[in-house]
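Below, each chain spelled out in residue letters.
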Amino acid sequence: MLKKSLLVGLAATMIIMGGASAAHAESDLGDYTEDVSVTVFPTVIRPLETSTITFSEDYFDPNELVGVVVDGESGADAGLAAIAPAARSSLTTSKTAAADGSMVAVFTAPADGDGVYNVSFSGSRDYTAVITVVPFGVDVPSAVSVSDGSLANTGGGISPVMIWVGIGALALGSATVVATTVRRRRA
């Protein structure tokens, strides 16, 4: 009975405390969590203005040819680092990463740009920069964010309520084990 009670208590503790452990990443699991980042600045621009997308060192393989696709209204009229656009609704091209794996791409909004543009990069790592183009005469939102390529915050923390529930379950299990042991010794 004691072994069963301990196993049940251990299982309950693992369920309560270990529920979000799959969301955490270890830094020694390979290149998934390397210190690489992407910055997009600014993320909100006007027509014909530019936004710079900067990939840190080691983001891509050295001298890697990275595919680039720009989707959005008049996406083919968008510019990407002086590459001439094609006559279609999206711009598809490629860009070579530097010898250290870094890369800088400059997005130029089309003259009639309006709305959200997805600038997708595909190579050894994939990334999509989201840039909003606001036409002249429309107010630009005051909060402009900068994106990065770090791991997503999955909310994998343990809430204080769950900690107290775990402590309570552990105390209740311990009290049950003690009461069972005392009752058997008296019998």
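Our subject is the structure that appears above.
Overview of the structure. (Residues numbered from 1 in each chain as written. Predicted model: local features only at pLDDT ≥ 70, side-chain atom pairs only at ≥ 80, totals over all residues. Heavy atoms only, no water.)

1. Considering the packing of aromatic side chains
Now for step 1: This model, assessed by the stated rule, comprises six aromatic pairs.
Now for step 2: Ring geometry for F55 versus F121: centroids 4.8 Å apart, planes at 75°, classification edge-to-face. A residue pair is termed long-range when its members are at least 10 positions apart, and F55 in strand β3 (residues 50-55) and F121 in strand β8 (residues 115-122) qualify at 66 residues. In this pair, the class of F55 matches that of F121, namely buried.
Now for step 3: Note on Y59 and F60: the rings are 5.0 Å apart at their centroids and 70° apart in plane angle, and the pair reads as edge-to-face.
Now for step 4: Three or more aromatic residues joined by ring pairs form one cluster here, namely F55, Y59, F60, F121 and Y127.
Now for step 5: For the cation-ring pair, R125 lies above Y59, with the distance from its terminal atom to the ring centre recorded as 5.4 Å. (Phe/Tyr/Trp six-rings, centres within 6.5 Å; stacked < 30°, edge-to-face > 60°. Helix = DSSP H or I, 4+ residues; strand = E, 2+ residues; numbered from the N terminus. Buried < 20%, exposed > 50% of the residue type's maximum accessible area, 1.4 Å probe, protein only. Lys NZ or Arg CZ within 6 Å of the ring centre and 35° of its normal.)

2. Considering the pairing of strand β7 (residues 103-108)
Now for step 1: Of the two faces of β7, the one holding M103, A105 and F107 is buried and the one holding V104, V106 and T108 is not buried anywhere.
Now for step 2: Strand direction decides the pairing type here: β3 and β7, joined by six bridges, are antiparallel. Within β7, the position partnered with I53 by the bridge is A105. (Pairing = 2+ DSSP bridges.)

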